[in-house]
Structures are given as structure tokens and as C-alpha cells.
Amino acid sequence: MKAFQVHGFEEAPKLVEVAEPTPAQGEALLRISACSLNFADLLMSQGKYQDTPALPFTLGLEMAGEVVTLGPDTEGPAVGTRVAIYAGQGGLAEYGCFPVDRLVPLPDAMSYEDAAAFQIAYGTSHVVLNHRARMQPGETLLVLGAAGGVGLTAVEIGKLMGATVIACARGQDKLEIARAAGADHLIDAKTADIRAEVKALGGADVVYDPVGGAQWEAAFRACKPEARLIPIGFASGDVPQIPANHVMVKNLTILGLYYGGYRNFAPEVLTDSMTQLFKWYEDGALKPHISHVLPLDRADEALELLRRRKSTGKVVVTP
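Please read these numbers as outputs of a predicted model, since none were measured by experiment.

Attention now goes to the overall build of the protein. Along the protein, the regular secondary structure elements total 10 helices and 16 strands. Against the 2.2 N^0.38 benchmark of 20 Å for 319 residues, the protein shows a C-alpha radius of gyration of 20 Å, consistent with a compact globule. Of all 319 residues assigned to the protein, the portion counted as buried reaches 53%. Relative to all contacts within the protein whose residues are 6 or more apart in sequence, the contacts with residues 24 or more apart total 67%. If you average the places of the 28 positive and of the 37 negative side-chain charges in the protein, the two averages end up 8 Å apart.

Next comes the structure, spelled out in C-alpha cells:
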């Protein structure tokens, strides 16, 4: 079978032929139909991600497909069941073996592409805003990187939770995508004074930041007293240093969020969140924005779209 693998951190990932895997006890073999890319895939390919697997490994954190067979003495979804999984690796391949207790059956109306694009982006935003920030109706949410894979979902979920949403993104085309997702106010990160514009709108109660760098600094200075700020990534490449004295004086709260960490210490947080998200999907309240769908033999192009910030929403690869 074909798999898109990393064999060295100083070389580009490549499509290789490998043996089809056999599921062990507690695992299922999936025929993978769609895999969504994340910024973490770029970091993993360079050995810079906190959960980078040992070499060689197959990229692709989240995927959807069909159960082909179960491992010995294993109870799980029946053969033929359509499922999704956030596995952390292995999605950019034709087949893969994954723990049955992490497989999530798909709603009948959900396509494989939507399922692959759904889990991390919507899950991250829902856990951030609901579980960590405890955001309340009527609060003001500032979303940086608002047209990106996770930022766009924060706009959608923020509106569903009753917030006033300020979307910050680079360029009018991306801002229009955020507007279509429900943003109330738009700020062009390429040209605007983010701090001044947010303060003119009354300031932010919650800041959702997958960008870091100068945008974090501007957002930090545009917060209301008792605001909550959540760094969830550093797409700018610049990890900000947080001045504790300013946090103290303005009574701010900084909330870390590593979505994947909950798999190990509180998996029920992810399970409960995904149950609510799938319900919103079935009700028609959520719909993943997928800007590009490419086949497995063009996985390198798919990664380049992320690297060059040429995508909006999600990029999906279809083995």
C-alpha cells in the first residue's frame, strides 16, 4: 500500500510503498478515505512537534474511513462501519491500524471529507471556548487567524455560544470567509492597528490565538479586565513572552490548551465535546470549510498549501 512518510527531519516527506498492516488485539484495520492536514503535520515533518513519533512514521493526525477487520479477541464497530479517529499519526495512507476505543461512528449524513476535517479544528475550538474559557453569551470573542483551519471554527462556535465575534485575518478575501461563518466585526491583520480597532469595539473578553507574535501582543493590550487569553499555537513562528506584571494589573487569565493532551488524562472531555459537535452538525449548525481536496499522490502539494498559507479552512487528502 502507499503511505506518505517522514524518514528524516532534514529531508522532505515522501510517498512510499509499505506492507499493509495487520491489526493487533484492541485495534481495527481501516480503509482510509480522507485525511485532514494540520499545522502540526508541518512541525512533525521537521521534528519540532511535542508528540513527534519515532522515525519513520506516516503523517496525518485525523482521518475517516471504513472498518475492514478487527484484531484478535477484539470487540468494536462492525466491519463496514464508517468511522473517524484522531490518532495523532497514520492518516496519509491507504490503510491503517488504530485503537477501537478511539473510533467514532459517523452520522449518516456526514461525508468522509467532512469527518476528516471536523475533529481537531472543531474539537479544539469547542474545548477552548466551552471547557477552558467558560465563555458566556454576550461576551466579546477576538479570533486571530480567523480564516484558518481552527480559527474559522472558533468563529462558528463562538456565534453558536452567543458571543459577539471579532475576526482578524490577513486580506479581504479571508475576512469575507470569516464573515460568512458569522463574524460580527472584521479586522485586516495586514493593514489595521489590531489593538486600536479592538479597543474601539469595547475590548475583548476572550482571545483565541493560533498565531502568536505581534498579533498576540496587540490582542493582549486590547483586553478588558478579567479577560481570558488562550494561546493554542504559534503559526507566526514567534512564541510570545507574557509579562506577568500586566497579567496581574489587568486581572487577566492565560489558559493553555493542548487538545491532544486530553487523550491521555481526560478523554471524556473530548468525547463529550464531540457528541455536542456531531449534534450541531446533524442539525445543520456546523459545516467544515474545506478549501482544497487532493489525492494522496499530491500530499506534498497539500502540505505546501499550509506552509505557504494558501488555504482557508481545511485541506483534505483522499487516499
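Still more to cover.
Attention shifts here to the nonpolar core. With 84 residues, the main nonpolar core has F118, L129, L141 and Y208 as its most contacted residues. In terms of residues, this core owes the most to one element, helix α2 (residues 112-132), which gives 11 residues. Other than its neighbours up to four places away in sequence, F118 contacts E62, M110, G123, M274, L277, F278, Y281, L286 and P288. Counting 21 residues, the second-largest nonpolar core is a separate cluster that includes I187, I194, A218 and A227.

Read from one edge to the other, the open sheet built from 3 strands follows the order β2-β1-β4, with strand pairing classed as antiparallel. Among the strands making up the open sheet, the edge pair consists of β2 (14-17) and β4 (57-58). In terms of strand pairing, strand β1 (residues 2-6) meets β4 through 2 bridges, oriented antiparallel. Looking across to β4, one finds that V6 is bridged to F57.

Note on sheets: strands pair through backbone hydrogen bonds, and any given pair is parallel or antiparallel. An order of β11-β10-β9-β12-β13-β14 is seen for the 6 strands of this open sheet, with the pairing classed as parallel. Both outer strands of the open sheet, β11 (185-188) and β14 (253-254), are each paired with one neighbouring strand and no more. Judged from the 5 bridges that link them, strand β12 (residues 204-209) and strand β13 (residues 223-231) form a sheet pairing that is parallel. Opposite Y208, over in β13, you have I230 as the bridge partner. Packed onto the sheet, α2 meets β9 (140-144), β12 and β13 and runs at close to 150 degrees relative to β12.

What follows concerns the packing of aromatic side chains. Scanning the entire structure with this criterion turns up 7 aromatic pairs. Ring-pair connections join several aromatic residues into one group, and the members of that group are F118, Y122, F278 and Y281. Between R82 and the ring centre of Y112, over which it is positioned, the NZ or CZ distance is 4.8 Å. Seen from the ring of Y86, R263 lies directly overhead, with NZ or CZ sitting 4.7 Å from the centre.

Quick look at the environment of G96 now. Following the sequence through the fold, G96 ends up in strand β7 (residues 95-99). What makes G96 buried here is its relative accessible area of 5%. Taking the C-alpha atoms as reference, G96 lies 10.0 Å from V67; in sequence the two are 29 residues apart. Those residues within four positions of G96 in sequence are excluded, and the remaining contacts are P21, A28, L29, L30 and I32.

With that settled, consider unusual backbone geometry. Note that the residue after L55, namely P56, is joined by a cis bond; omega there is -15 degrees. Within the secondary structure layout, P56 lies in the loop between α1 (39-45) and β4. One non-glycine residue, D73, lies in the positive phi region at around 55 degrees. When its relative accessible area of 73% is taken as the criterion, D73 is described as exposed.

Let us look at the packing of α2 against helix α9 (residues 267-282). Where α2 meets α9, the axes come as close as 9 Å, and the angle between the chain directions of the two elements is 115 degrees. When the axis of α2 is compared with that of α9, the two are roughly perpendicular. Here the hand of the crossing between α2 and α9 comes out right-handed. The segment α2 lies against α9, with D114, F118, Q119, Y122, G123, H126, V127 and H131 engaging V269, L270, S273, M274, Q276, L277, F278, W280 and Y281. Taken together, the residues of the contact of α2 with α9 break down into 10 nonpolar, 6 polar and 1 charged.

Our next topic: the side chain of D114. Along the chain, D114 falls in helix α2. Dropping the residues within four chain positions of it, D114 is found in contact with Y281, K287, P288 and I290.

Where charged atoms of side chains with opposite charge meet at close range, the side chains can pair. The full count for this structure, using the stated rule, is 12 salt bridges. The closest approach of N and O atoms between E217 and R221, which form a salt bridge, is 2.5 Å. Taking relative accessible area as the criterion, E217 reaches 32% and is therefore assigned partly exposed. Looking at R221, the relative accessible area reads 31%, which means it is partly exposed. Its salt-bridge partner being K279, residue D283 comes within 3.0 Å of it at the nearest N-O pair.

Analysis parameters
- Residues numbered from 1 in each chain as written.
- Predicted model: local features only at pLDDT ≥ 70, side-chain atom pairs only at ≥ 80, totals over all residues.
- Heavy atoms only, no water.
- Helix = DSSP H or I, 4+ residues; strand = E, 2+ residues; numbered from the N terminus.
- Rg over C-alpha atoms; globule rule 2.2 N^0.38 Å.
- Buried < 20%, exposed > 50% of the residue type's maximum accessible area, 1.4 Å probe, protein only.
- Contact = heavy atoms within 4.5 Å.
- Lys, Arg positive; Asp, Glu negative; His and termini not counted.
- Charge placed at Lys NZ, Arg CZ, Asp CG, Glu CD.
- Core = buried A, V, L, I, M, F, W, Y, C linked by side-chain atoms within 4.5 Å.
- Pairing = 2+ DSSP bridges.
- Axes fitted to C-alpha atoms, helices over the stretch in contact; angles between N-to-C directions.
- Phe/Tyr/Trp six-rings, centres within 6.5 Å; stacked < 30°, edge-to-face > 60°.
- Lys NZ or Arg CZ within 6 Å of the ring centre and 35° of its normal.
- Parallel < 35°, antiparallel > 145°, perpendicular 65-115°, else oblique.
- Left-handed = near helix turned anticlockwise from the far one by under 90°.
- Nonpolar A, V, L, I, M, F, W, Y, C, P; charged D, E, K, R; others polar.
- Salt bridge = Lys/Arg side-chain N within 4 Å of Asp/Glu carboxyl O.

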